[in-house]
Amino acid sequence: MKKDTNGKIKVTLSFILGFGLIISLVIGLGILRFHAARLAYYLESVNQSIQKYSDEEVILRQELSALVAPIRIYSYCKESLGMQKVVKAETLPVRMITKTFTASQNNQPSILKGWRSGLAWLLGK
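Let me sum up the structure you'll find in this document.

Analysis parameters
- Residues numbered from 1 in each chain as written.
- Predicted model: local features only at pLDDT ≥ 70, side-chain atom pairs only at ≥ 80, totals over all residues.
- Heavy atoms only, no water.
- Helix = DSSP H or I, 4+ residues; strand = E, 2+ residues; numbered from the N terminus.
- Buried < 20%, exposed > 50% of the residue type's maximum accessible area, 1.4 Å probe, protein only.
- Areas by Shrake-Rupley, 256 points an atom, 1.4 Å probe, with all protein chains shown as cover.
- Phe/Tyr/Trp six-rings, centres within 6.5 Å; stacked < 30°, edge-to-face > 60°.
- Lys NZ or Arg CZ within 6 Å of the ring centre and 35° of its normal.
- Salt bridge = Lys/Arg side-chain N within 4 Å of Asp/Glu carboxyl O.
- Patch = residues over 30% accessible without salt bridge, like charges linked within 9 Å, V, L, I, M, F, W, Y side chains within 5 Å.

Tallying secondary structure elements over the protein gives four helices and zero strands in all. Its helices and strands in sequence order give the protein the pattern α-α-α-α, from N to C terminus. Taking all 125 residues of the protein together, 0% fall into the buried category. Summed over all atoms, the accessible surface of the protein reaches about 12900 Å², with 66% contributed by carbon and sulfur.

Centre-to-centre distance and the angle between the planes together describe a pair of aromatic rings. Scanning the model with the defined rule gives one aromatic pair in all. Considering the side-chain rings of F15 and F19, the 6.3 Å spacing of their centres and the 15° angle between planes classify their relative orientation as stacked. Of this pair, F15 and F19 both sit in helix 1 (residues 2–68), four residues apart, which is roughly one turn of that helix. Between K52 and the ring centre of Y53, over which it is positioned, the NZ or CZ distance is 5.1 Å.

Here the focus is the pattern of salt bridges. Side-chain pairs of opposite charge can arise where the charged atoms are in close proximity. As enumerated under the stated definition, the model contains one salt bridge in all. With a closest N to O distance of 3.0 Å, E57 and R61 form a salt bridge. In this pair, E57 and R61 both sit in helix 1, four residues apart, roughly one turn of the helix. What makes E57 partly exposed here is its relative accessible area of 39%.

Right, let's get into a nonpolar patch on the surface. Taken together, the side chains of F15, I16, F19, I23, I27 and I31 make up a nonpolar region of the molecular surface, amounting to roughly 640 Å² of accessible area. If you trace the backbone, I31 turns up in helix 1. Here I31 falls in the exposed class, since its relative accessible area comes to 55%.

Here it is, written out as structure tokens:
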């Protein structure tokens, strides 16, 4: 009888261990499936935002090319700002004054003048 009860205990114990192992494997697979679904959801959201930014980039590039086009600039200036096309361009000559604007106008070295000659422009002298 003792062998019979020991055999039943071993069978019951192995059945409980096997059942526990199967349950733990099912729970582990469920956790992995949940993690995979969460990562797939995150990947989908990243793909959607990439698509949204890609569409926005295309629209901005089209706007930039429309704004940079010379005919677009010309028509904007003519219609919105009321500018007219110049028929004859004129140039004005500008004379340069050859007067030097330095603190020391003569050829003496600045060492002989002293330290105040460099600051004479501040005092108006």
